[in-house]
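Coordinate inspection notes
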Amino acid sequence: MKEIIISPSLLSADFTDVKGALKSVEDSGAQWIHCDVMDGVFVPNISFGQKMVGDVKKATDLVIDAHLMIVEPIKYVEEFARNGADFITVHYEACSDVEATLKKIKEVGCKAGLALKPKTDVSVMKNYLDLIDLALIMSVEPGFSGQKFIFDTLKKYDEFCEMAKGKDIILQGDGGINGENAREIISHGVNCIVAGNAFFKAQDKKEIVRQLGKR
Ligand code: DX5
Ligand code: ZN
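First things first, this report covers the structure right here in the doc.

What counts and what doesn't
Residues numbered from 1 in each chain as written. Chains lettered and ligands numbered in written order. Predicted model: local features only at pLDDT ≥ 70, side-chain atom pairs only at ≥ 80, totals over all residues. Heavy atoms only, no water. Phe/Tyr/Trp six-rings, centres within 6.5 Å; stacked < 30°, edge-to-face > 60°. Helix = DSSP H or I, 4+ residues; strand = E, 2+ residues; numbered from the N terminus. Buried < 20%, exposed > 50% of the residue type's maximum accessible area, 1.4 Å probe, protein only. Lys NZ or Arg CZ within 6 Å of the ring centre and 35° of its normal. Donors = N, O, S within 2.8 Å, 3.2 Å for Na, K, Ca; no water. Tetrahedral: all angles 85-135°; square planar, octahedral: opposite > 155°, others 65-115°. Contact = heavy atoms within 4.5 Å. Polar contact = N/O pair within 3.5 Å; in protein donor to acceptor, adjacent residues only side chain to side chain. Near = heavy atom within 4 Å. Areas by Shrake-Rupley, 256 points an atom, 1.4 Å probe, with all protein chains shown as cover. Nonpolar A, V, L, I, M, F, W, Y, C, P; charged D, E, K, R; others polar. Pairing = 2+ DSSP bridges. Right-handed = clockwise from strand over helix to strand, strands pointing away.

Remarks on the packing of aromatic side chains
By the definition in use, this model includes four aromatic pairs. Where Trp32 meets Phe87, the ring centres are 4.5 Å apart and the plane angle is 35°; that geometry is what we call tilted. On the criterion of sequence distance, the pair formed by Trp32 in strand S2 (residues 32-38) and Phe87 in strand S4 (residues 87-91) is long-range, its members being 55 residues apart. Pair check on accessibility: Trp32 and Phe87 agree, each one buried. Above the plane of the ring of Phe42 lies Lys117, whose end atom (NZ or CZ) is 5.0 Å from the centre. Here Lys205 stacks its cationic end above the ring of Phe199, 5.3 Å away from the centre of that ring.

Right, here's the structure in full:
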């Protein structure tokens, strides 16, 4: 079995010490860094944009996992690719043409992710299974870190796994995941765990990564 990927979310880090945050992620054994890009329109919060992603890329060898919570992300795909994003994940609800957006991500040489908000039906993924490398089923309303995991998401993971059986698609969990609930989440097929607060608030980063990745 492949190891669980841990992707700490930079949103919960101290933005005056991004280098320190990246070092703490590297030292913890986590493999990815999750970059939550928010435009204040698709979600009621503004975080950071492509320059942050570019600066992060220059400062680390971690895999850059860009989660775009922005309207019509197709307009910015090229720029995020140029700034070093490895995975670009866009929201189904934010694209007027989901297929064109995913194709564009592949065209510019990145891995493509498709994200769903908690209220969006998992069945919408069906049409895109051959275009995506990653599926993100949100377990909180996107916009803020530090929210509580929505328990119903577990069923949605099951539904996705059934639908994507035999396909090589990473299933990412994002929102309210911590050392206490990660194991159950993983048991429902999630193999990439995003953690904001749980990671950055933890004193012992190696230990939290161990807990988040435990089967
Ligand atoms: C929410 C973001 C998440 C968030 C995770 O919109 O997509 O990545 O930062 O933070 P926690 O783990 O604290 O819920
Ligand atoms: Zn995220």
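Right, picking up where we left off after that structure.
Some points on the coordination of the zinc ion (ligand 2)
In this structure, His34 (NE2), Asp36 (OD), His67 (ND1) and Asp174 (OD) serve as the protein donors to the zinc ion (ligand 2), at separations of 2.1 to 2.3 Å. Relative to the metal, the six donor atoms surrounding the zinc ion (ligand 2) lie at angles of 71 to 171°, and the coordination shape comes out octahedral. Counting residues between consecutive donors of the zinc ion (ligand 2) along the chain gives the motif H-x1-D-x30-H-x106-D. You can see His34 sitting in strand S2 and its partner Asp174 sitting in strand S7 (residues 170-174), a full 140 residues away along the chain.

Some details on the environment of Lys111
Looking at the secondary structure, you find Lys111 in strand S5 (residues 111-116). Assessed through its relative accessible area of 43%, Lys111 is described here as partly exposed. For Lys111 and Thr89, which are 22 residues apart along the polypeptide, the C-alpha to C-alpha distance reads 8.4 Å. When neighbours within four sequence positions are excluded, Lys111 is seen to be in contact with Asp86, Phe87, Ile88, Ile105 and Asp133.

Some points on the environment of Val209
The topology assignment puts Val209 in helix H8 (residues 205-212). For Val209, a relative accessible area of 11% gives the class buried. Each C-alpha atom of the pair Val209 and Ile4 lies 9.9 Å from the other, and the pair is 205 residues apart in sequence. In this structure, Val209 is in contact with Ile6, Ser28, Gly29, Ala30 and Phe199, ignoring residues within four places of it in sequence.

Here's the deal with the environment of Asp86
As for its placement among the helices and strands, Asp86 is situated in the loop between helix H3 (77-82) and S4. A relative accessible area of 26% places Asp86 in the partly exposed class. Once the C-alpha coordinates of Asp86 and Val71 are considered, the two residues, 15 residues apart in sequence, prove to be 20 Å apart. With residues up to four places along the chain from it excluded, the contact list for Asp86 reads Lys57, Leu62, Val63, Ile64, Cys110 and Lys111. At 3.4 Å, the side chain of Asp86 and the side chain of Lys57 are in polar contact.

Side note on the site of ligand 1
Around ligand 1 there are 20 residues in total, and Asp36, Gly143, Asp174, Gly176 and Gly196 lie nearest to it. Separating an oxygen atom of ligand 1 from a side-chain N or O atom of His34 is a distance of 3.4 Å. Within the side chain of Asp174, a nitrogen or oxygen atom sits 2.7 Å from an oxygen atom of ligand 1. Out of a free accessible area of 390 Å², ligand 1 has 99% covered by protein chains. Put simply, the parts of the chain that give the shell around ligand 1 at least two residues each are S2, strand S3 (63-69) and strand S8 (192-195). The element that contributes the greatest number of residues to the shell around ligand 1 is S2, accounting for three residues. Residue composition of the shell around ligand 1, by class: eight nonpolar, 10 polar and two charged.

Here's the deal with the pairing of S7
The buried fraction of S7 amounts to five of the five residues, a majority that puts the element mostly inside the structure. Judged from the five bridges that link them, strand S6 (residues 134-138) and S7 form a sheet pairing that is parallel. Note that in S7 the partner of Leu134 across the bridge is Ile170. Read as a crossover between parallel neighbours, the route from S6 over helix H5 (residues 153-163) to S7 is right-handed. As defined by bridge partners, S7 adjoins S8 across two bridges and the pair is classed as parallel. The residue bridging Gly173 from the neighbouring strand is Ile193, located in S8.

Scope: geometric values only; no functional claims are made or implied.
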